[in-house]
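Residues per chain are reported as follows:
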Amino acid sequence: MRASLIQIAVDPDESVEARRVRAASLVVAQRGADLVILPELWPVGAFAYTAFEAEAEPLEGPTHEVMAKAAAEAGVWLHAGSFVERADDGTLYNTSLVFSPEGERVAAYRKIHRFGFDRGEAVMMGAGEELVTVALPDTILGLATCYDLRFPEQFRGLVDAGAETLVVAAGWPERRRSHWTLLAQARAVENQAYVLAVGTAGTHGDIQQAGHSIVVDPWGEVLAQAGADEEVLTVDLDPDKVRTTRDQFPALKDRRLGLASPL
């Protein structure tokens, strides 16, 4: 399975409309990949809190439309990163979308853990309540977004739901880049799963982004890692490696404790 992680740069001087068009062209350029992944809140910027209200969209708004078309044109499974969704009741959510190679939306995930410590996203957005997995022909994806990476119980829940490849769309800050790499490897090792974690490049909301998107195998080995600038990271994965790893070192079978509390 070939996966392409698009580490797009979010520049406040580029309009959201222009970035949608550019992101779609980057997706289409990955024709031949099986899975393409964009980062968190790439249309507006994960730390551009002041723009969230103005740039919020309905679920099937312009980002949905552009990404559905790009997935179909490229013929790929597309995790379209996340955008600011405005629900029918007016609540804002940090919502990820997944499309089939035919351009049909097969999943939407609302971020469960909101970042900000009583500021920004934590008070401006509603919290998702559902774990989301997506069955691809060769693997089952488990979806997570940025700050979720710090909560291992969510990933254990995804594995319990069948996930073999854990996808993390993020807008991770440069000042905590060491945590990004450490946590991506930890989530891979403890769940014996691939971790595909893609972040943004550039600076938005005056916060420099970490970049350094990363692909980790079920043994915790880093298969590929991007730099700090805009980049497409492409890697070939062996879906059978998850199953063989879990067979050879069946630690998951020795679990005695479940989730600490229901979501």
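As a reminder, the structure under discussion sits directly above these lines.
Residues numbered from 1 in each chain as written. Predicted model: local features only at pLDDT ≥ 70, side-chain atom pairs only at ≥ 80, totals over all residues. Heavy atoms only, no water.

Chemist: Pulling in residues and values, what's your account of the overall build of the chain?
Modeler: Each helix and strand counted, the chain has 7 helices and 15 strands in total. Whereas a compact globule of 263 residues would reach a radius of gyration of roughly 18 Å, the chain reaches 17 Å, a difference of no more than 12%. C-alpha atoms of the chain, sized along the principal axes, occupy 50 × 40 × 35 Å. Taking contacts inside the chain between residues at least 6 apart in sequence as the whole, the part at least 24 apart equals 67%. Summing over all exposed atoms, the chain offers an accessible surface of approximately 11200 Å²; the carbon and sulfur share of this is 49%. In the chain, 24 positive and 39 negative side-chain charges are present, and the distance between their average locations comes to 5 Å. (Helix = DSSP H or I, 4+ residues; strand = E, 2+ residues; numbered from the N terminus. Rg over C-alpha atoms; globule rule 2.2 N^0.38 Å. Contact = heavy atoms within 4.5 Å. Areas by Shrake-Rupley, 256 points an atom, 1.4 Å probe, with all protein chains shown as cover. Lys, Arg positive; Asp, Glu negative; His and termini not counted. Charge placed at Lys NZ, Arg CZ, Asp CG, Glu CD.)

Chemist: Provide a residue-level description of the layout of surface pockets, including the pertinent values.
Modeler: Within this model, the largest pocket holds a volume of roughly 200 Å³. Every element with two or more residues in the lining of the largest pocket is listed here: β5 (92–99) and β6 (105–110). Per element, the largest residue contribution to the lining of the largest pocket is 3 residues, and it comes from β6. Broken down by class, the residue content of the lining of the largest pocket amounts to 6 nonpolar, 2 polar and 4 charged. (1 Å grid on protein atoms, 1.4 Å probe; cavity = no way out; pocket = protein on both sides within 12 Å on 5 of 7 lines; lining within 4 Å. Points joined across faces, edges and corners; volume = space filled by probe spheres on them. Nonpolar A, V, L, I, M, F, W, Y, C, P; charged D, E, K, R; others polar.)

Chemist: Residue-level account of the sheet that holds strand β2 (residues 9–10), with values.
Modeler: The sheet built from 3 strands is open, its strands ordered β2-β11-β12 with mixed pairing. Because the sheet does not close on itself, it has two edges, and the strands there are β2 and β12 (207–208). (Pairing = 2+ DSSP bridges.)

Chemist: Mind laying out the pairing of β6, listing which residues take part and the relevant values?
Modeler: Of the strand pairs in this sheet, β5 and β6 are connected by 5 bridges, and their pairing is antiparallel. Counterpart to Ser96 in the pairing with β6 is Tyr109.

Chemist: Give me the lowdown on empty space enclosed by the protein, citing residues and values where you can.
Modeler: Here the structure, examined in full by the defined rule, presents 1 cavity of 30 Å³ or more. Estimated volume of the largest cavity: approximately 40 Å³. If you trace the largest cavity, you find it lined by Val16, Arg20, Pro43, Val44, Glu55, Glu57, Phe83 and Val84. Looking at the lining of the largest cavity residue by residue, the class counts come to 5 nonpolar, no polar and 3 charged.

Chemist: Lay out unusual backbone geometry in plain terms, naming residues and giving numbers.
Modeler: The phi angle at Phe117 is positive, at roughly 50°, despite the residue not being glycine. Its place among the elements puts Phe117 in the loop between β6 and α4 (121–124).

Chemist: Please set out the packing of aromatic side chains residue by residue, giving values where relevant.
Modeler: Think of a pair of aromatic rings as described by two things: how far the centres are apart, and how the planes are tilted against each other in angle. For the structure on display, the rule yields 9 aromatic pairs. Between Phe115 and Phe117, the ring centres sit 5.2 Å apart and the planes meet at 70°, which makes this aromatic pair edge-to-face. Under the relative-accessibility criterion, Phe117 is labelled exposed at 58%. Among the aromatic residues, those joined into a cluster by ring pairs are Phe47, Tyr49, Phe52, Phe115, Phe117, Tyr147 and Phe151. Its end group placed over the ring of Tyr93, Arg110 keeps NZ or CZ at 3.8 Å from the ring centre. (Phe/Tyr/Trp six-rings, centres within 6.5 Å; stacked < 30°, edge-to-face > 60°. Buried < 20%, exposed > 50% of the residue type's maximum accessible area, 1.4 Å probe, protein only. Lys NZ or Arg CZ within 6 Å of the ring centre and 35° of its normal.)

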